[in-house]
Amino acid sequence: MLFYSFFKTLVGQPVVVELKNDMLIQGTLVSVDQFLNIKLDGVRVEDERKYPHVASLKNSFIRGSVVRYVHIPATAVDTALLQDAARKESQQPK
Amino acid sequence: MATGSAVEQPLDLVRLSLDERIYVKMRGDRELRGRLHGYDQHMNMVLGEVEETITIVEPSDQPTEGSIQTVKKNYEMLFVRGDNVILVAPPMRS
């Protein structure tokens, strides 16, 4: 649940979600769930000419499994806190 | 098999790389070099100061005429979904 908690701290931040089909979606992070499904508001697709069918899209729900990367502003991340949480998480018996 | 924390699992080795620069080989002929801030058992990761290298092979009819190109991109902070990850290693500086 580490990254679920991590994404919850990023709600309200502008992010870019890069999908496995190479699509880039910019938007504001609204919510995330345990599967790392993502909801974005005010979305803008990076290459609008290539994806005209999503030109009128305002809000989106993105299935977690189709995400390749999420580009995040570095200022939004407390790296020391995250490293500490990762250390603790790896020590828990699963 | 010995009991207790003497036995290190592969993910324990990744834990040693927290706050260190690492090399990640991913599916789709992609490689990442960045500072590891967090990871989980799925190999989901957060990397900082990342350089992504995408290798593109352009085949041609003549074996001597095909080309290999690389595209490099930089990100200040990146969440990487674990299902794309092939391997994680210390960076090999050439």
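Residues numbered from 1 in each chain as written. Chains lettered and ligands numbered in written order. Predicted model: local features only at pLDDT ≥ 70, side-chain atom pairs only at ≥ 80, totals over all residues. Heavy atoms only, no water.

Caption draft 1: Summary view of helix 2 (residues 79–91) of chain A. Residue and element names in this part refer to chain A. Between its first and last C-alpha atoms helix 2 spans 19 Å; for 13 residues at 1.5 Å apiece the expected length is 18 Å, and the two agree. Within the sequence span of helix 2, burial applies to L82, Q83, A86 and E89. Taken around the axis of helix 2, the buried residues stretch over an arc of 125 degrees, which confines them to a single face. Exposed and facing more than 90 degrees away from the buried side of helix 2 are A80, L81, K88 and Q91. (Helix = DSSP H or I, 4+ residues; strand = E, 2+ residues; numbered from the N terminus. Expected span 1.5 Å × (residues − 1). Buried < 20%, exposed > 50% of the residue type's maximum accessible area, 1.4 Å probe, protein only. Arc of directions from axis to C-beta.)

Caption draft 2: Structural context of the interface of chain A and chain B. The interface of chain A with chain B comprises 29 residues on the first partner and 26 residues on the second. Note on chain A versus chain B: buried area summed over both sides is about 2,300 Å², and carbon and sulfur give 59% of it. Where chain A meets chain B, there are three salt bridges. In this structure, A:D22 and B:R30 form a salt bridge, with 3.5 Å as the shortest nitrogen-oxygen distance. (Contact = heavy atoms within 4.5 Å. Buried area = accessible area lost by both parts, 1.4 Å probe. Salt bridge = Lys/Arg side-chain N within 4 Å of Asp/Glu carboxyl O.)

Caption draft 3: Representation of the pattern of salt bridges within the structure. Tallying each qualifying case throughout the model produces 14 salt bridges over all chains. The partner of A:R49 in a salt bridge is A:D47, and the shortest N-O contact between them spans 3.5 Å. Note that B:E51 and B:K72 form a salt bridge whose closest N and O atoms lie 3.7 Å from each other. Pair noted here: B:E51 is in strand 3 (residues 45–58) and B:K72 is in strand 4 (residues 67–80), with a separation of 21 residues, a long-range link. For B:K72, a relative accessible area of 51% puts it in the exposed group. Look at the salt bridges and you will find they share partners, linking A:E18, A:D22, A:R68, B:R30 and B:E52 into a network.

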